[in-house]
Amino acid sequence: QVHLVQSGGGTVQAGGSLRLSCAAYGRPFNDYVMGWFRQAPGKEREFVGKIQWSDFTEYANSVKGRFTITRDNARQTLYLQMNSLKPEDTAVYYCAAGGVPADRDESTYNFWGQGTQVTVSS
């Protein structure tokens with residue numbers, strides 16, 4: 001089992017940058033596929049991206065080229081660097097940990113962070 005604690009987020013103007021962190025406690029971090037999801041007001045939670053133990057990454061088309069996911073296995077921490085932010089990126093962002101088959105479907109992730117608000121003003 002792993003416990004995920006998120007930090008970062010806040011309010012930024014369009015075009016700005018933010019970095020989210022997700023610290024993992026418990027089972028070794030690199031046992032998991034780590035993902036980022038987000039949920040905007042009135043919308044369903046959606047996939048943002050994921051990173052595997054091999055550092056292979058996959059992103060949603062809406063964030064590709066602007067967001068970067070990295071992981072520091074020694075620090076047991078996951079990061080989401082968000083650049084060129086747009087108002088439509090406003091959402092609560094969640095990190096998640098899942099077994100090897102974890103993909104874009106949130107049901108394939110077993111453990112979730114508490115969520116952190118990102119607001120992008122125009």
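Located above this text is the structure these notes cover.
In this text, all values refer to a predicted model and were calculated from it rather than measured experimentally. Chains are numbered independently. Their residues run from 1 in the order of the written sequence. Thresholds applied to this predicted model are a pLDDT of at least 70 for local features of residues and 80 or more for the giving and counting of side-chain atom pairs; totals over whole chains, interfaces and linings are not thresholded and use all residues. To get the side-chain values, all heavy atoms of the structure are used, and hydrogens and water are removed first.

### Quick look at unusual backbone geometry
Counted only if it meets this: Secondary structure elements follow DSSP: runs of H or I no shorter than four residues count as helices, runs of E no shorter than two count as strands, and numbering proceeds from the N terminus. To sort residues, take the accessible area from a 1.4 Å probe on protein chains only and compare it with the maximum for the residue type: under 20% means buried, over 50% means exposed, and anything in between is partly exposed.
The backbone of Asp55 shows a phi angle near 75°, a positive value even though the residue is not glycine. Within the secondary structure layout, Asp55 lies in the loop between β5 (46–51) and β6 (57–59). A positive phi angle, close to 50°, is found at Ser84, a residue other than glycine. Judged by relative accessible area, which is 41%, Ser84 ranks as partly exposed.

### Comments concerning the nonpolar core
Which entries qualify depends on this criterion: Residues belong to a common nonpolar core when they are buried Ala, Val, Leu, Ile, Met, Phe, Trp, Tyr or Cys residues joined through side-chain atoms within 4.5 Å.
Counting residues in each nonpolar core, the largest one holds 35 residues, and the members touching the most others are Leu4, Met34, Trp36, Leu78, Leu80, Met82 and Tyr93. Examining the composition of this core, we find that five residues originate from one element, strand β9 (residues 91–98), more than from any other.

### As for the sheet that holds strand β1 (residues 2–8)
Note the threshold: In this description, strands pair whenever DSSP reports at least two bridges between them. Axes, fitted as lines to C-alpha atoms, cover a helix only where it is in contact. Angles between the N-to-C directions of the axes lie from 0 to 180 degrees.
Pairing is antiparallel in the open sheet, where four strands are placed in the order β1-β3-β8-β7. Whereas interior strands pair on both sides, the edge strands pair on one side only; in this sheet they are β1 and β7 (67–72). In this sheet, adjacent strand axes meet at a mean angle of 20° when their direction is disregarded. Pairing of β1 with strand β3 (residues 18–26) involves seven bridges; the strand directions are antiparallel. Note that in β3 the partner of Ser7 across the bridge is Ser21.

### A closer look at the pattern of salt bridges
Applicable threshold: Put simply, a salt bridge is a Lys or Arg side-chain nitrogen that is within 4 Å of an Asp or Glu carboxyl oxygen.
For the coordinates displayed, the defined rule picks out eight salt bridges. A salt bridge links Arg38 to Glu46; the nearest nitrogen and oxygen atoms lie 2.6 Å apart. Exposure remark for Arg38: the relative accessible area of 5% places this residue in the buried category. The salt bridge involving Arg38 is made with Asp89; its shortest N-O contact spans 2.9 Å. Note that Arg38 is positioned in strand β4 (residues 33–39) and Asp89 in the loop between β8 (77–82) and β9, a separation of 51 residues in sequence. If you follow the salt bridges from partner to partner, you end up with Arg38, Glu46, Arg66 and Asp89 in one network.

### Observations concerning the pairing of β9
Counting buried residues in β9 gives seven out of eight residues, a clear majority hidden from the surface. Sheet topology places β4 next to β9; seven bridges connect them, and they run antiparallel. Bridge assignment links Gly35 to a residue of β9, and that residue is Ala96. Where β9 meets strand β10 (residues 109–112), three bridges bridge the pair, whose relative direction is antiparallel.

### Comments concerning the side chain of Gln6
In plain terms, the rule: Under this definition, polar contacts are N or O atom pairs within 3.5 Å; protein pairs additionally need one hydrogen-donor-capable and one acceptor-capable atom, and for neighbouring residues in sequence, both atoms have to be side-chain atoms. Working rule for contacts: check all heavy atoms of both residues, and any pair within 4.5 Å makes them a contact.
With respect to the secondary-structure elements, Gln6 resides in strand β1. A polar contact of 3.0 Å, which involves the side chain of Gln6, links it to the backbone nitrogen of Gly115. Contacts of Gln6, omitting those with residues within four sequence positions, involve Ser21, Cys22, Trp36, Tyr93, Tyr94, Cys95, Gly113, Gln114, Gly115 and Thr116.

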